[in-house]
Amino acid sequence: MKSNLQKSVKIKNNTKQFGRIENKSLIPYGRQCIDESDISAVVDVMRSDWLTTGPKVLEFEKAISDYVGAKEAIAVSSGTAALQSAMYAAGIGPGDEVILPPMTFVATANSVIFQGGTPVFVDVDPDTLLIDPVEVEKKITPSTKAIIAMDYAGQACEYDKLQTIARKHGLILIADACHSLGATYKGAKTGSLADLTVFSFHPVKHITTGEGGMIVTDNANFAEKMRIFRNHGITSDYQQRQKKGTWYYEMVDLGYNYRLTDIQCALGLSQLRKLPGWIDRRREIAFNYDKAFSNISVVKPLTVSPNVNHSYHLYVIQLQMDELVASRAAIYSDLRRENIGVNVHYIPVHLHPFYKNRFGYQKGDYPVAEAAYERILSLPLFQSMTDNDINIVIKSIKKIIFNYQTH
Ligand SMILES: *Cc1c(COP(=O)(O)O)cnc(C)c1O
């Protein structure tokens, strides 16, 4: 029925109303911001003695733990490695269940399986797309060992409620804060709100090291376990042995090489200095979008809780499909044709073939996440976006929505 409707819609000529939109090159949904100070920080390390396991790693770990307000930080080679390391620290293994939302990147759930555990999805809140604490409590069984909260788009989850549930049932609370570096919940930064918190430094995230990740925690025992895990399961690293003048080391558990290099950590340190200004700019861009869409009922931004200060990794809108005669796919394609790099975050994890085949998940299992998936779009958002870029995105969205609106 929808496709018939689509065919019958005449594309209105609204050049007059919206003016000509001059946009020759793609405005991506996210991108890194690298300047000369970043480049020279990297070059300095390349001229130094330590390319890996050197002083820049410790410096970057200290800078991140200071920034977020955690006692310990462990740098690793990616956000995914950080998630797996957190699962290791939490002692997740065969027979253990870990509760998490399906509206996340696949790596969140994969990390549970890497360690032999079973991911158990619970549905999200329809307005924020964050894990619903009420649903979490319903899914707890004697096998449940941990909860992973994911701060979707850069908004911190309801950590008070999640902490209460975790404490009541003796569970470890893990935050996948790959979207929410610099965000706060009731004034406290992500990184200080869970037993273990994971960040990613992929180029689309707030700050980048190329690839990279970090786990922060106040728990010294967890920290020690993860330092061993990222280094083949070996109890001391090369630098520690050199200091002691010994060749002897012990491998005490099966670990990986998940180390982050000094080259990358130098880049991370240089990026981190710029983070506060970048978050301000991200909030400014989001504020501009909010204002532009406030009187367009078809374009509904996610709800932001008064408890949080959002750090806007993504700006996500939920299209009100019942007010549109086109599918989200059609609107997506039209925007792409206008060089607006919209994206969709995420296909609910349980709908991927691997998850369907391995765990028997099917469509209908998580109706809120699935319904959201049909109507979400992530709009371009990165710190170096110009005011002109923002206006082009807003104009293009208004123009395309206008084509398909039912009233
Ligand atoms: C980016 C991301 C990851 C994975 O991080 P990588 O550094 O790409 O491995 C995990 N979870 C979420 C929510 C992410 O956005």
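Model, not experiment: these values are computed from the prediction.

**Q** I'd like a rundown of the confidence of the model for the protein chain, residues and numbers included.
**A** Looking at the protein chain as a whole, its pLDDT mean stands at 94, while 95% of the residues score no less than 70. At the level of individual helices and strands, the protein chain shows its lowest average pLDDT in helix α1 (residues 2–8), which scores 41, and its highest in strand β8 (residues 196–200), which scores 99. Considering only residues more than four positions removed or in separate chains, one finds that residues 1–11, a stretch of pLDDT under 50, has 14 contacts.

**Q** Describe the nonpolar core, listing the residues and the values that go with them.
**A** Nonpolar side chains in soluble globular proteins generally cluster together in the buried interior. Counting residues in hydrophobic clusters, the biggest one holds 72 residues, and the most contacted among them are M103, Y152, Y159, I174, L196 and I215. Split by domain, this core shows at least three residues from each of two domains, domain 1 (4–29 + 275–404) and domain 2 (36–272). If we ignore the near neighbours within four places in the chain, the residues touching I215 are E72, A73, I74, V76, A82, S85, A86, L196, T197, V198 and M226. Counting residues in hydrophobic clusters, the runner-up holds 35 residues, among them I27, V299, A326 and I401.

**Q** Describe the site of the ligand, listing the residues and the values that go with them.
**A** Contacts to the ligand come from 15 residues, most closely from G79, T80, D176, S200 and K205. Between a nitrogen atom of the ligand and a side-chain N or O atom of D176, the distance comes to 2.9 Å. Within the side chain of K205, an N or O atom sits 3.0 Å from an oxygen atom of the ligand. Taking 380 Å² as the accessible area of the ligand by itself, protein coverage stands at 92%. The greatest single-element share of the shell around the ligand, amounting to 3 residues, is contributed by helix α5 (residues 79–89). When the residues that make up the shell around the ligand are grouped by side-chain class, the tally is 5 nonpolar, 8 polar and 2 charged.

**Q** How would you summarise the sheet that holds strand β12 (residues 315–319) if you had to cite specific residues and measurements?
**A** As summarised here, the arrangement of the 3 strands in space is β10-β12-β13, forming an open sheet in which the pairing is antiparallel. The sheet is open, and its two edges are formed by β10 (299–301) and β13 (376–379), each paired on a single side. Strand-to-strand, the axes of this sheet are offset by a mean angle of 40°, without reference to chain direction. Of the strand pairs in this sheet, β10 and β12 are connected by 3 bridges, and their pairing is antiparallel. Across the sheet, P301 pairs through a bridge with I317, a residue of β12. Each of β10, β12 and β13 touches helix α12 (residues 275–293); the most contacted strand, β12, lies at about 20° to it.

**Q** Can you explain helix α8 (residues 159–169)? Please cite residues and give values.
**A** For α8, the complete set of buried residues consists of Y159, L162, I165 and A166. With its buried residues spanning 125° around the axis, α8 presents them on a single face. Turned more than 90 degrees off the buried face of α8, the exposed positions are R167 and K168. The secondary structure elements touched by the buried residues of α8 are α7 (133–138), β4 (144–150), β5 (172–176) and β6 (184–185).

**Q** Quick one: what's the story with the pattern of salt bridges, residue by residue and with numbers?
**A** Going through the model one piece at a time under the given rule, you end up with 16 salt bridges. The shortest N-O distance in the salt bridge between E72 and R227 comes to 3.2 Å. One end of the pair, E72, is in strand β1 (residues 72–76); the other, R227, is in helix α9 (residues 220–229), with 155 residues separating them in the sequence. Taking relative accessible area as the criterion, R227 reaches 30% and is therefore assigned partly exposed. Between D96 and K145 there is a salt bridge; the shortest N-O distance is 3.6 Å. Placement of D96 in the loop between α5 and β2 (97–100) and of K145 in strand β4 is noted, with a sequence separation of 49 residues between them. Its relative accessible area of 13% is what places D96 among the buried residues. A network of salt bridges, in which partner residues are shared, links D35, D38 and K274.

Rules used throughout
Residues numbered from 1 in each chain as written. Predicted model: local features only at pLDDT ≥ 70, side-chain atom pairs only at ≥ 80, totals over all residues. Heavy atoms only, no water. pLDDT = per-residue confidence, 0-100. Helix = DSSP H or I, 4+ residues; strand = E, 2+ residues; numbered from the N terminus. Contact = heavy atoms within 4.5 Å. Core = buried A, V, L, I, M, F, W, Y, C linked by side-chain atoms within 4.5 Å. Buried < 20%, exposed > 50% of the residue type's maximum accessible area, 1.4 Å probe, protein only. Domains from an automatic or database assignment. Near = heavy atom within 4 Å. Polar contact = N/O pair within 3.5 Å; in protein donor to acceptor, adjacent residues only side chain to side chain. Areas by Shrake-Rupley, 256 points an atom, 1.4 Å probe, with all protein chains shown as cover. Nonpolar A, V, L, I, M, F, W, Y, C, P; charged D, E, K, R; others polar. Pairing = 2+ DSSP bridges. Axes fitted to C-alpha atoms, helices over the stretch in contact; angles between N-to-C directions. Arc of directions from axis to C-beta. Salt bridge = Lys/Arg side-chain N within 4 Å of Asp/Glu carboxyl O.

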